[in-house]
There are 2 protein chains.
Amino acid sequence: MSETGTPAKDQPDRDAQTGREPKTARGEATRRAILGAAEKVIGRQGFNEASIGSITREAGVAQGTFYIYFSSKDEVFSELVVEMGRMLRHVISEATGGMADRLEAEREGLRAFLTFVASRPELYRIVQEAQFVDPDAYRAYFRTFAEGYRQGLAEAAEAGAIRPGNADVRAWALMGIARALGEYSVVFGDTTPIDEVVDIAHDLIVDGLRK
Amino acid sequence: MSETGTPAKDQPDRDAQTGREPKTARGEATRRAILGAAEKVIGRQGFNEASIGSITREAGVAQGTFYIYFSSKDEVFSELVVEMGRMLRHVISEATGGMADRLEAEREGLRAFLTFVASRPELYRIVQEAQFVDPDAYRAYFRTFAEGYRQGLAEAAEAGAIRPGNADVRAWALMGIARALGEYSVVFGDTTPIDEVVDIAHDLIVDGLRK
DNA sequence: GAAAAACATGAATAGTGATTCATAATTCAT
DNA sequence: ATGAATTATGAATCACTATTCATGTTTTTC
């Protein structure tokens, strides 16, 4: 019965040796508690300073419990990166969904990004740190975003909604702006209201520096 | 012209307990070898994967020799971050020094940055990782850049060379573009020639997306 | 050309923290 | 109600690596 055959049940799990999935509500709650604690602790202290002990302490469970749901420290980390990607894509597409005007979509996408980042600063830092802890997850995260962004820009240019120009480089440049402004508030603690930052940046994105 | 006159000849010791400074040419060479090896190894493997042993092996010295010149693993790291800051400021001010046109200076600054980053990819990654390994050094690095950038933009706006607008947010946004494009090539291995990337980005910076 | 200073060595130390595991408690299925 | 499955515990293990240090070598000094 419990032979570990093909688990092609309901989880389209991509990864190889993932910690056991919880089978009861109790287990589900514990798993979530650990995941939330990991987000908080790793986001605050960084991957290497955050010990399994500090995570389980924060979660209110014993150290060994961690390994019931995750097979390693790296695994929770990766899961958090993937989670961030999912949430962010959702939030942004939600915010820009029905927008006809590409330039306005640009503004709302930026606002949604900065708002989300401000609401989950630890998760944001985790994605940044993924560059060093889990390069593959990091690259996947950015490639996915960049590709979507690139397409949007290419279509907008095609449709004559924006000036033509290399959509690939532009996508990276615009993601760079969003990222830098997120860092400006999360890492450097700037307190300028998001709406103000968004308007200033949007003005730059749309009309540039030229007088 | 090295009229910059930036640092004093040789600072005795900026930090608290720094490893002993070499007093002979031999010592100086060894110190440099270790610093270069650290740049290479840490930049490639990341701070935590890079062991002192792997650094000294790369440098061709014994493990204990490391501690003659550096008091800890963190210390080499910090020194590399500071070094990157110095070099980059030098390279950029060199490239934009005599430029009258602010918008052209923007282009050349970006080109200088990307060229430098491409020539020292490991050093670039180290600065990124500093956010997690040595947050103080990281913040100092960016604050310094941001402040210079902000001033330049504010003066240009004052002089009517560019459109008025919040120089602070703009500085961060523009630094974000540079950084993202650096990462695009170093981390994601894009092969678009620098000059092309620079022109595309510069076009965006100067005239924006609007048709 | 000696003693001193500076430099170099690499094996030993020592602290850390991820992971395991034997055991126990709780919940589920019938 | 009861055996099976699942979940939880936390002390012990175990590998890893930064740092130290006693000793040896090279360079400088006079």
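See above for the structure.
Below, the structure is looked at part by part. Position numbers for residues start from 1 in each chain and track the written sequence from start to end. Going through the entries in the order they are written, you letter the chains from A and number the ligands from 1. With the structure being a predicted model, the display of local features is reserved for residues of pLDDT at least 70 and the display and counting of side-chain atom pairs for 80 or more, all residues being used for whole-chain, interface and lining totals. Think of the side-chain values as coming from all heavy atoms in the structure, minus any hydrogens and water.

## Let's talk about the relation of the copies chain A and chain B
Only residues with pLDDT of at least 70 in both copies count here: their C-alpha atoms drive the least-squares fit that superposes the copies. Structural alignment of chain A on chain B gives an RMSD of 0.1 Å, achieved by rotating through 180° and translating 0.0 Å along the axis. Here the symmetry operator amounts to a two-fold rotation axis. Mapped onto chain B, 100% of the interface residues of chain A are again interface residues, and the two copies thus contact each other with one and the same surface. Two residues form a contact once any of their heavy atoms are found within 4.5 Å.

## Some remarks on the protein's contact with DNA strand D
Taken together, 22 residues are adjacent to DNA strand D, and Lys-23, Thr-30, Ala-62 and Tyr-69 of chain A together with Ile-52 of chain B come closest. Backbone atoms, meaning sugar and phosphate, make up 72% of the atoms of DNA strand D lying within 4 Å of the protein. Counted as a polar contact is a pair of N or O atoms within 3.5 Å, where, for protein atoms, one must be capable of donating a hydrogen and the other of accepting one, and residues adjacent in sequence contribute only when both atoms are in side chains. Ala-62 of chain A places a main-chain nitrogen or oxygen 2.7 Å from a phosphate oxygen of DNA strand D. In this structure, a base nitrogen belonging to DNA strand D sits 3.1 Å away from a main-chain N or O atom of Gly-64 of chain A. We count a stretch as a helix when DSSP gives it H or I for four or more residues in a row; a strand needs E for two or more, and each element gets its number in order from the N terminus. Of all the elements in the fold, those that place two or more residues in the surface near DNA strand D are helix 1 (25-45) and helix 3 (66-69) of chain A. Side-chain classes are defined by residue name, with Ala, Val, Leu, Ile, Met, Phe, Trp, Tyr, Cys and Pro counting as nonpolar, Asp, Glu, Lys and Arg as charged, and the others, Gly among them, as polar. Residues that form the surface near DNA strand D fall into these classes: eight nonpolar, nine polar and five charged. Residues are counted as near a molecule or strand when any one of their heavy atoms sits within 4 Å of it.

## Some points on the packing of aromatic side chains
Two aromatic rings from Phe, Tyr or Trp, using only the six-membered ring of Trp, form a pair when their centres are within 6.5 Å; if the ring planes differ by under 30 degrees the pair is stacked, by over 60 it is edge-to-face, and anything between is tilted. This structure, assessed with the given rule, holds 25 aromatic pairs over all chains. Ring pairs connect the aromatic residues Tyr-138, Tyr-141, Phe-142, Phe-145 and Trp-172 of chain A together with Tyr-184 and Phe-188 of chain B, which therefore count as one cluster. Sitting over the ring of Phe-47 of chain A, Lys-73 of chain A keeps its end group 4.4 Å from the ring centre. One Lys or Arg, Arg-89 of chain A, reaches over the ring of Phe-145 of chain A and ends 5.9 Å from the middle of that ring. A positively charged side chain is recorded as over a ring if its NZ (Lys) or CZ (Arg) lies within 6 Å of the ring centre. The angle to the ring normal must also be within 35 degrees.

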